[in-house]
Amino acid sequence: MEQHKLDRHEFNLYPQMNPLEFSDLVESIQKNGFDITNPIILFEGKIIDGWNRYLASNLAEKRYTTKVFQGSRDE
């Protein structure tokens, strides 16, 4: 699984999961794969939503999907 490294966008205000929740997410992604109906949202080439899923997918060595936010900085 070779995907490029992404950074967290300054507008991503969602907190990082606590270790237990994050461990459960990694386990779920390992078992079930990444939920393609809930892609990681990118803005200006960085993650604006889905940071925890991105990190968990990388640890689980599963491919994730992304979608680009089409709005402006004001939106």
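For the structure itself, consult the block above.
Residues numbered from 1 in each chain as written. Predicted model: local features only at pLDDT ≥ 70, side-chain atom pairs only at ≥ 80, totals over all residues. Heavy atoms only, no water.

Draft legend 1. Quick look at the sheet that holds strand S3 (residues 66-68). Strand order in the open sheet formed by 3 strands is S2-S1-S3, with mixed pairing between adjacent strands. A strand with exactly one partner marks an edge of an open sheet, and here the two such strands are strand S2 (46-49) and S3. Sheet twist, expressed as the mean angle between neighbouring strand axes with direction ignored, is 45 degrees. By the bridge criterion, 3 bridges tie strand S1 (residues 40-43) to S3 in an arrangement that is parallel. Bridge pairing links isoleucine 41 to lysine 67 in S3. Sitting on the sheet, helix H2 (residues 51-60) touches S1 and S2, and the angle it makes with S2 is about 120 degrees. (Pairing = 2+ DSSP bridges. Helix = DSSP H or I, 4+ residues; strand = E, 2+ residues; numbered from the N terminus. Axes fitted to C-alpha atoms, helices over the stretch in contact; angles between N-to-C directions. Contact = heavy atoms within 4.5 Å.)

Draft legend 2. Here's a closer look at the side chain of asparagine 12. Considering the arrangement of structural elements, one finds asparagine 12 in the segment before helix H1 (19-32). A polar side-chain atom of asparagine 12 sits 3.2 Å from the main-chain amide nitrogen of tyrosine 14. Once you skip the residues sitting within four places of it in the chain, asparagine 12 turns out to touch Ile47, Ile48, Asp49, Gly50 and Trp51. (Polar contact = N/O pair within 3.5 Å; in protein donor to acceptor, adjacent residues only side chain to side chain.)

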